[in-house]
Structures are given as C-alpha cells and as structure tokens.
Amino acid sequence: MTAASIAGSGARPQLPEMDGRPAGALDVVGLNGLRNIEFGDTEDELTRRGILRTDVDACGPSLAGHDTTSPIFVDDRLVLLWLGDATRTPEGVTAGSPVDEVWSRYPSARELEAPHGTHRFAGLLARRGDRAYLFLHDGRTVRKIIVGYADWAQRLFEEGHSPC
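Residues numbered from 1 in each chain as written. Predicted model: local features only at pLDDT ≥ 70, side-chain atom pairs only at ≥ 80, totals over all residues. Heavy atoms only, no water.

## Brief notes about the packing of aromatic side chains
Next up, step 1: Going through the model one piece at a time under the given rule, you end up with four aromatic pairs.
Next up, step 2: Both rings, one in Y133 and one in F135, keep their centres 5.8 Å apart while their planes meet at 25°; by these two values the pair is stacked.
Next up, step 3: On the basis of relative accessible area, F135 is assigned to the buried category, the value being 0%.
Next up, step 4: Each member of the aromatic cluster is reached from another via a ring pair, and the members are Y106, Y133 and F135. (Phe/Tyr/Trp six-rings, centres within 6.5 Å; stacked < 30°, edge-to-face > 60°. Buried < 20%, exposed > 50% of the residue type's maximum accessible area, 1.4 Å probe, protein only.)

## Thoughts on helix α4 (residues 150–159)
Along an α-helix, residues three or four apart share an orientation, since each turn contains 3.6 residues.
Next up, step 1: What α4 keeps buried is the set A150, W152, A153, Q154, L156 and F157.
Next up, step 2: G160 sits one or two positions beyond α4 and adopts a positive phi of about 115°. (Helix = DSSP H or I, 4+ residues; strand = E, 2+ residues; numbered from the N terminus.)

## Overview of the sheet that holds strand β9 (residues 110–112)
Next up, step 1: With antiparallel pairing, the six strands of this open sheet are ordered in space as β6-β7-β12-β11-β10-β9. Each end of this open sheet is capped by a strand with a single partner; those strands are β6 (70–74) and β9. In this sheet, neighbouring strand axes are inclined to one another by 20° on average, regardless of whether the strands run parallel or antiparallel.
Next up, step 2: In this structure, strand β11 (residues 131–137) lies alongside strand β12 (residues 142–149), joined through seven bridges in antiparallel fashion. Its bridge partner lying in β12, A132 is registered against G148. (Pairing = 2+ DSSP bridges. Axes fitted to C-alpha atoms, helices over the stretch in contact; angles between N-to-C directions.)

Here it is in structure tokens:
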C-alpha cells in the first residue's frame, strides 16, 4: 500500500529548459522544503494556497512554479519531494553532480547499495534529524535527488522509487 501511494504521487519531470525558466535558474530545496512549501503541509492546504495543481496532464499533482519537482504525499501530508534537474541543495548539489562532491559536502552520508538483481541506482542518504537528502547515483554521478522525511526516503529507496 505504501509503495503504491508513493508510486502514484508526483508530476512527470520535464527538462529544465521546458519549464519556462531561463537557463541556469535553479530552485533551492532545503530540509524544510521549497519556498512556500514545507514538509508536513497537507494537500488541501497547498491546493487552497494555489500551490498544488491537479489540472495538469501528469501522473499526480504538481507544484505551481516548480514544474520539474514532484510532491509525494502519504496520508494527505507532503513527505518527500522528487527533485527535477532544475533544483539544487543549499550546498550546491544537483542531478549531474559527481558523487565525490556529495561526499565532500555531506561527509556523514550513509551508502545505500542498490538491491542485487535490480537495475536501480545506489544511494547516499544524508540525514539531519528527521530529514534527509537521498542522492541516487550510478557510482560516479548523481542521477536523482529526493528530499524530505528521512524514514520515508529510506523506505522509498528500499521499496523502489518512481514519482509515477
């Protein structure tokens, strides 16, 4: 049930040049969330504020102004953000960053091995309190970043991952 809930959340990520922002414009996501969007916010609250959109052709709701970032809700609460390529951490890590850069900026990150017999990426979980960044990588380069509640990021990694 959890995997189904997680898998059904989020918008289809688009390429950065397709989301209307000028090249080089990056959103910054911290361990509390994005500007005007915090982990723990409800779907109703975000919809009322005009941030959560359900009127787009996607596999789930999307965030106004953050077209490449997919929200993941569990029990009506925002628990994770599946980041698009046009988003970076406050420490400057983006999809495409070298894994060595993640290690240098998050030295206490914990290595997560991809399950044997799968074609999934390995991960680095950089946890601070109850929040974390999950950097999915191919051994050399960060391919995807997920941020939010650490327990949900760990669970997403273990059970499989996809915003759709």
